[in-house]
Amino acid sequence: MTFKALHHRATPLLLPNAWDVASALAFAEAGFPAVGTTSFGVAAAGGSPDGGRASRQATQVLARKLSNAAFHLSADIEDGYDDDPERVAEYAAGLGVDGINIEDSTDERLIDPALHAAKVAAIKHASSPELFVNARIDTYWLDQKATVEETLTRATAYVAAGADGIFVPGATDPSALRDLVNNIAAPVNTLVHPTLTVAELARLGVRRISTGSLPYRAAMDAAVRAATDVRDGGTPPTATPYPVMQERLLRHQRLQEKG
């Protein structure tokens, strides 16, 4: 099944977001047919805060290291790491991934929707027709012009420019989500939220659910708990055995070497 086809099933595509090769392989081992990257996790793992185009090179390297993996890969490329649509398109086309996620904000401020639409159009023109372009709208995420009307105006422009999907992180009100789904002519993507189950989002018509940086942040918490439990006299937590993870990485390495 193609990555695009995964957005048109009865059950929404749950897309876990990885921050390195090991986390991506672990998600695939757990049975996920597609894995995304998280700009927050990728940037944070390299010692940088999210945004500010800090994850550009690391995302490129990660995509290359996962190029022959047996699962679909979607790359989170922030705002495309550039203001020039042609340079954004060149970067996206060179990643060799199945999908990209590109947001319509820079430095936590919404950008002109016409500029974002131009980026989407340039990517579609320069890339393989199979590349799934997920246009992210940050109205609700940044609480800037956070209305259904403004979000739909932006979504309409991005779909007209060729976007294959629309991502609206931060939109959690069921009524607003229903309005967005009913009026956007492309699969709608949301972020996981504690008050909305996969089943509830499916009933609203959402076609893709991203975990975002949640797994990365949860992994940090789990790592700290493992160390503090041992320090405080507790029992070490269970974990995937070292040989299992080592063999997983060795298999992937052999696959990459075969090209």
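Residues numbered from 1 in each chain as written. Predicted model: local features only at pLDDT ≥ 70, side-chain atom pairs only at ≥ 80, totals over all residues. Heavy atoms only, no water.

**Q** Hey, could you run me through the overall build of the protein in this one?
**A** Scanning the protein from N- to C-terminus turns up 10 helices and 11 strands. For 259 residues, the compact-globule estimate of 2.2 N^0.38 gives 18 Å, and the C-alpha radius of gyration of the protein, at 18 Å, lies within 12% of that figure. In the protein, which comprises 259 residues, the share counted as buried stands at 46%. Of all intrachain contacts in the protein linking residues separated by at least 6 positions in sequence, the fraction that spans at least 24 positions is 64%. Of the charged side chains in the protein, 24 are positive and 31 negative; the average position of the first set lies 5 Å away from that of the second. (Helix = DSSP H or I, 4+ residues; strand = E, 2+ residues; numbered from the N terminus. Rg over C-alpha atoms; globule rule 2.2 N^0.38 Å. Buried < 20%, exposed > 50% of the residue type's maximum accessible area, 1.4 Å probe, protein only. Contact = heavy atoms within 4.5 Å. Lys, Arg positive; Asp, Glu negative; His and termini not counted. Charge placed at Lys NZ, Arg CZ, Asp CG, Glu CD.)

**Q** Honestly, the pairing of strand β10 (residues 188-191) in this entry has me stumped. Any pointers?
**A** Regular strands place their side chains on alternate faces of the sheet. In the sheet, strand β9 (residues 165-167) pairs with β10 via two bridges, with the strands oriented parallel. Residue Ile166 lies in a different strand from β10, and its bridge partner there is Val188. With helix α7 (residues 174-183) bridging β9 and its parallel neighbour β10, the resulting β-α-β unit is right-handed. Note: β10 against strand β11 (residues 208-210), three bridges, orientation parallel. When the bridges of β11 are listed, Asn189 appears paired with Arg208. The handedness of the β10 to β11 crossover, carried by helix α8 (residues 198-204), is right-handed. (Pairing = 2+ DSSP bridges. Right-handed = clockwise from strand over helix to strand, strands pointing away.)

**Q** Honestly, the pairing of strand β4 (residues 72-76) in this entry has me stumped. Any pointers?
**A** In terms of residue burial, β4 counts as a mostly covered element, since five of its five residues are buried. Of the pairings in the sheet, the one linking β4 to strand β5 (residues 99-103) comprises three bridges and is parallel in character. Considered in β5, the bridge of Ser74 is made with Gly99.

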